[in-house]
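# Fold and geometry: a report
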Amino acid sequence: MEAAAAPKRAPARELSGEKATRIVEAMRASVAERGIAGSTFDVVAREAGVSRGLLHYYFATKERLLVEVVRRETQVRGRLLHQAVAEARGADDLIAALVRSFEDLLGEGSSEGVMFYELLTLAQRNDGIATELASLSRTLRLQLAEALAAGSASGVLELRADPADVASFLLALADGVMIRRMSEPELDVRRLMDQATVAARALLA
């Protein structure tokens, strides 16, 4: 059983291989389905189709694997957000693209959201996870802020607040809808999304 105590960092391994990618994806899916406690190395190794020894070789601890899962998710979300802003031809285009991206994230079971909030809970007891989550969340926020600033500089967007503040607000809206969806799975969040869109439009001319 892997402990959630403060992490002991192991030497970094090359994580670009196909097997490492399978392990990360297996952990992501397992946390969404079983939670962090149920996502043991034995379970993840079986789901990824690799040996437990290979999993230890790449990641050494559950903490390192969980951080890599969040890092991959952050990279994907960051690229999608940047693309949405870059392709927008105005506030309506941008909001529509952000809503589509968020709806894709929600999906049927909101697995990415479940995983992220499971990790937030673990971060309250694990300084290593907390540090990594804060860094990754900051990176995502800054990426969105930079894209918004570029859109403003090009004249495509007219922001009614500082780009960093707008980015923080948009992400906070998404977090709020996600938490509401997770706490009330039967709730139809479309009306809530409509109100979030109105709030977002207030900062995007």
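Rules used in this analysis
Residues numbered from 1 in each chain as written. Predicted model: local features only at pLDDT ≥ 70, side-chain atom pairs only at ≥ 80, totals over all residues. Heavy atoms only, no water. pLDDT = per-residue confidence, 0-100. Contact = heavy atoms within 4.5 Å. Core = buried A, V, L, I, M, F, W, Y, C linked by side-chain atoms within 4.5 Å. Buried < 20%, exposed > 50% of the residue type's maximum accessible area, 1.4 Å probe, protein only. Helix = DSSP H or I, 4+ residues; strand = E, 2+ residues; numbered from the N terminus. Phe/Tyr/Trp six-rings, centres within 6.5 Å; stacked < 30°, edge-to-face > 60°. Axes fitted to C-alpha atoms, helices over the stretch in contact; angles between N-to-C directions. Parallel < 35°, antiparallel > 145°, perpendicular 65-115°, else oblique. Nonpolar A, V, L, I, M, F, W, Y, C, P; charged D, E, K, R; others polar. Expected span 1.5 Å × (residues − 1). Polar contact = N/O pair within 3.5 Å; in protein donor to acceptor, adjacent residues only side chain to side chain.

### Digging into the confidence of the model for the protein chain
A residue-level look at the protein chain finds 87% of positions with pLDDT of 70 or above and a mean pLDDT of 81. Taken as a whole, residues 1-12 scores under 50 in pLDDT and shows 17 contacts with residues more than four places along the chain or in a different chain.

### Re the nonpolar core
If you look at the biggest cluster of nonpolar residues, it comprises 27 residues, and the most contacted ones within it are Ile 23, Leu 65, Leu 66, Leu 119 and Ile 129. Considering each element in turn, this core owes the most residues, seven residues, to helix 1 (residues 18-38). Not counting residues within four places of it along the chain, the set of residues in contact with Leu 119 comprises Ile 36, Leu 66, Val 70, Ile 129 and Leu 133. Counting 23 residues, the second-largest nonpolar core is a separate cluster that includes Val 85, Ala 91, Leu 94 and Ala 147.

### Some thoughts on the packing of aromatic side chains
Across all of its chains, the model carries two aromatic pairs by this definition. Taking 5.5 Å as the distance between ring centres and 70° as the angle between the ring planes, the aromatic pair formed by Tyr 57 and Tyr 58 counts as edge-to-face. Under the relative-accessibility criterion, Tyr 57 is labelled partly exposed at 45%. What makes Tyr 58 buried here is its relative accessible area of 12%. Ring pairs connect the aromatic residues Tyr 57, Tyr 58 and Phe 59, which therefore count as one cluster.

### Topic: unusual backbone geometry
Although it is not a glycine, Ala 60 sits at a positive phi angle of roughly 65°. By the element assignment, Ala 60 lies in the loop between helix 3 (52-59) and helix 4 (62-87).

### Digging into the packing of helix 3 against helix 4
Closest axis-to-axis distance for the helix 3/helix 4 pair is 9 Å, and the angle between their directions is 70°. On the basis of their axis angle, the class for helix 3 and helix 4 is roughly perpendicular. Across the interface between the two elements, Leu 55, Tyr 58 and Phe 59 of helix 3 pack against Arg 64, Leu 65 and Glu 68 of helix 4.

### Observations concerning the packing of helix 2 (residues 41-48) against helix 3
At a minimum axis distance of 9 Å, the contact between helix 2 and helix 3 shows a crossing angle of 105°. As judged from the angle between their axes, helix 2 and helix 3 are roughly perpendicular. Between helix 2, through Phe 41, Asp 42, Val 44 and Ala 45, and helix 3, the contact on the second element is made entirely by Arg 52, Leu 55 and His 56. Classifying every residue of the contact of helix 2 with helix 3 gives four nonpolar, one polar and two charged.

### A short note on helix 7 (residues 127-153)
A rise of 1.5 Å per residue sets the reference length of helix 7, with its 27 residues, at 39 Å; its end C-alpha atoms lie 38 Å apart and thus fit the reference within 8%. The complete set of buried residues in helix 7 reads Gly 128, Ile 129, Glu 132, Leu 133, Leu 136, Leu 140, Leu 144, Ala 145, Ala 147, Leu 148 and Gly 151. The N-cap residue of helix 7 is Asn 126: its side-chain oxygen and the backbone nitrogen of Ile 129 are 3.0 Å apart. Downstream of helix 7 by a residue or two, Gly 155 has a phi angle that is positive, lying close to 90°.

### Structural notes on the environment of Ala 20
Relative to the helices and strands, Ala 20 is located in helix 1. Residues Ala 20 and Leu 65 lie 45 residues apart in sequence; the distance between their C-alpha atoms is 9.9 Å.

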